[in-house]
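Overview (structure and organization)
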Amino acid sequence: MGIFNVELKKVVDDSYKIEIGFHLEDTLINDLKNGLVGNISKFALITDSIVENLYAKDILERLKKEGYTADLFVFEAGEKQKTRQTKEMIEDAMLERGYRRDCCIIAIGGGVVTDLAGFLAGTFGRGVPFINYATTLLAAADASVGGKTAVDTPLATNLIGLFNQPKKVYLDIATWQTLPARQIYSGLAETIKHACISSKELFEFLENNMDAILSIDKNACEHIANENCKIKYQVVMKDELESGLREILNLGHTVGRAIETVSDYQLLHGEALSIGLVAEVRLATDLGYMTKEEADKVVVLLSKANLPITIPEYIDKEQLVKKLYTDKKVKNGRLRFVVQKGIGDVVEFEEGVFATPIDEDVARQIIMSI
Ligand code: GLY
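Throughout what follows, the structure given in this document is the object of discussion.

About the cut-offs
Residues numbered from 1 in each chain as written. Predicted model: local features only at pLDDT ≥ 70, side-chain atom pairs only at ≥ 80, totals over all residues. Heavy atoms only, no water. Near = heavy atom within 4 Å. Polar contact = N/O pair within 3.5 Å; in protein donor to acceptor, adjacent residues only side chain to side chain. Areas by Shrake-Rupley, 256 points an atom, 1.4 Å probe, with all protein chains shown as cover. Nonpolar A, V, L, I, M, F, W, Y, C, P; charged D, E, K, R; others polar. Axes fitted to C-alpha atoms, helices over the stretch in contact; angles between N-to-C directions. Helix = DSSP H or I, 4+ residues; strand = E, 2+ residues; numbered from the N terminus. Parallel < 35°, antiparallel > 145°, perpendicular 65-115°, else oblique. Contact = heavy atoms within 4.5 Å. Core = buried A, V, L, I, M, F, W, Y, C linked by side-chain atoms within 4.5 Å. Buried < 20%, exposed > 50% of the residue type's maximum accessible area, 1.4 Å probe, protein only. Expected span 1.5 Å × (residues − 1). Bend = angle between axes of the 7 residues up to and from the residue. Phe/Tyr/Trp six-rings, centres within 6.5 Å; stacked < 30°, edge-to-face > 60°. Pairing = 2+ DSSP bridges. Left-handed = near helix turned anticlockwise from the far one by under 90°.

1. Some details on the site of the ligand
Near the ligand, the surroundings consist of Asp142, Lys148, Lys232, Glu242, Arg246 and Leu249. Between Lys232 and the ligand, the recorded distance is 2.6 Å, taken from a side-chain N or O atom to an oxygen atom. Contact between the ligand and Arg246: an oxygen atom at 2.7 Å from a side-chain N or O atom of the residue. Within the complex, the protein chains bury 91% of what would otherwise be the 200 Å² of accessible surface of the ligand. A class-by-class count of the residues in the shell around the ligand yields one nonpolar, no polar and five charged.

2. Re the packing of helix α10 (residues 269–286) against helix α11 (residues 292–304)
Taken N-terminus to C-terminus, the directions of α10 and α11 make an angle of 175°; their axes are 9 Å apart at the nearest point. It follows from the interaxial angle that α10 and α11 lie roughly antiparallel. Listed contacts from α11 to Ser274, Leu277, Val278, Val281 and Thr285 of α10 are Lys292, Ala295, Val298, Val299 and Leu302. Here the contact of α10 with α11 is composed, by residue class, of seven nonpolar, two polar and one charged.

3. Examining the nonpolar core
Core analysis: the largest hydrophobic core is formed by 75 residues, its most contacted members being Trp176, Leu188 and Leu206. With nine residues, the single largest contributor to this core is α10. When near neighbours in sequence (up to four residues on either side) are disregarded, Leu188 contacts Leu137, Leu206, Met210, Ile213, Leu214, Ile224, Ala305 and Leu307. Ala56, Ile59, Leu63 and Ile131 belong to the second largest nonpolar core, which has 23 residues in total.

4. Here we look at helix α2 (residues 51–65)
Between its first and last C-alpha atoms α2 spans 20 Å; for 15 residues at 1.5 Å apiece the expected length is 21 Å, and the two agree. The largest bend in α2 is about 30°, located at Lys57. Turning to α2, its buried residues number three or more, namely Val51, Glu52, Tyr55, Ala56, Ile59, Leu60 and Leu63. Where α2 is buried, its residues meet α1 (25–33), β2 (42–48), β3 (69–75), β4 (104–109) and β5 (130–134). Directly after α2, the chain includes Gly67, whose backbone phi takes a positive value near 90°.

5. Looking at the packing of aromatic side chains
All chains considered together, the criterion is met by four aromatic pairs. Between Phe43 and Tyr68, the ring centres sit 5.2 Å apart and the planes meet at 85°, which makes this aromatic pair edge-to-face. In this pair, Phe43 is assigned in strand β2 and Tyr68 in the loop between α2 and β3, connecting sequence segments 25 residues apart. The exposure class of Phe43 is buried, given its relative accessible area of 0%.

6. Describing the sheet that holds strand β1 (residues 17–21)
Read across the open sheet, the six strands follow the order β1-β8-β5-β4-β2-β3; overall the sheet is parallel. The two strands at the open ends of the sheet, each matched to only one other strand, are β1 and β3. Between one strand axis and the next, the sheet turns through 15° on average, direction left out of account. Bridging between β2 and β4 involves four bridges; their strand directions are parallel. Within β4, the position partnered with Leu45 by the bridge is Ile106. Lying on the sheet, α1 is in contact with β1, β2, β4, β5 and β8 (168–172); it crosses β8 at an angle near 165°. Taken strand by strand, helix α3 (residues 84–96) contacts β2, β3 and β4, and its axis lies near 155° from that of β3.

7. Some details on the packing of helix α6 (residues 181–198) against helix α8 (residues 218–238)
Orientation of α6 relative to α8, taken along the N-to-C sense of each, is 55°, at an axis distance of 10 Å. In this view, α6 runs oblique relative to α8, as classed from their interaxial angle. Once α6 is placed against α8, the crossing between them reads as left-handed. Where α6 approaches α8, its residues Leu188, Glu190, Thr191, His194, Ile197 and Ser198 are matched on the opposing element by Ile224, Asn228, Ile231 and Lys232.

Right, dumping it as structure tokens:
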């Protein structure tokens, strides 16, 4: 009999760069040549059926031209595919093609691709490095930055996953040119959320420049890409694992994630978030943290971005109330909400506590009124 101490204290440096620009394919290749992932020479490119032909095949060819071994692993586009089954299908395909621990994964696409590929990278061969090449505004604003990776389950979104930081993130704004308008609107919801939680200036910029953004004006898009990143990584650097502050990035997501699932993904993530943000401003107004004028400004901005501000008729609102309990912020069986304070701030309820318990009836009332 004996007791052994297995000492495994670690100091981890997961720092990485986010590069924002236009047409970053060459930059990616040069970074790899300059040792971004050491001497790895084998790359699994994970993408979806839309991005495959737009950007991923091109990056594949560039890698091969440089003498790297590279293969494309493609799954059908859409949130409905962000599942354990898709992850398994890609894992098996990678193993079949001889990929082992000596590879690096490059996720090329939007949030569905970067979430799934980042999770896969965290478990493949007990963990291989990965890089995000984000091709949507939503991925640039939120999903590809911050190291949250996950897949959805039938119960709700993002319940199975890892915190897993990429080696580098490329936000290629040129790719937004090929995005369907609905995807631009969807990405703007995360941008509006960032403004709501932390930047009155960004909020005003969005109010004054929405037309330019919607027509993918270069300067306006570069500005929002930079602002989104700054807001997000400053939060993530202080609370990577969401033990407190990072919960503020969840503004609008309590109702948003629930409605996304209840809609069976008919609503895009940003569309669902938009409705969630409307619920949140109602709550903040009822709790006395926002004036009605401030709440109206948020709703007007969401509609300016062509986002939905009411719950679609086909949603069963009682089912939606029940679905709120799948939220990761639920504690001791109680719903908890982040609450916006004015425009550009959130309520800190106690030191380091940014979400507060809300009675189901209060949540129900708000949902019934939207
Ligand atoms: N999407 C919220 C977060 O990254 O924490």
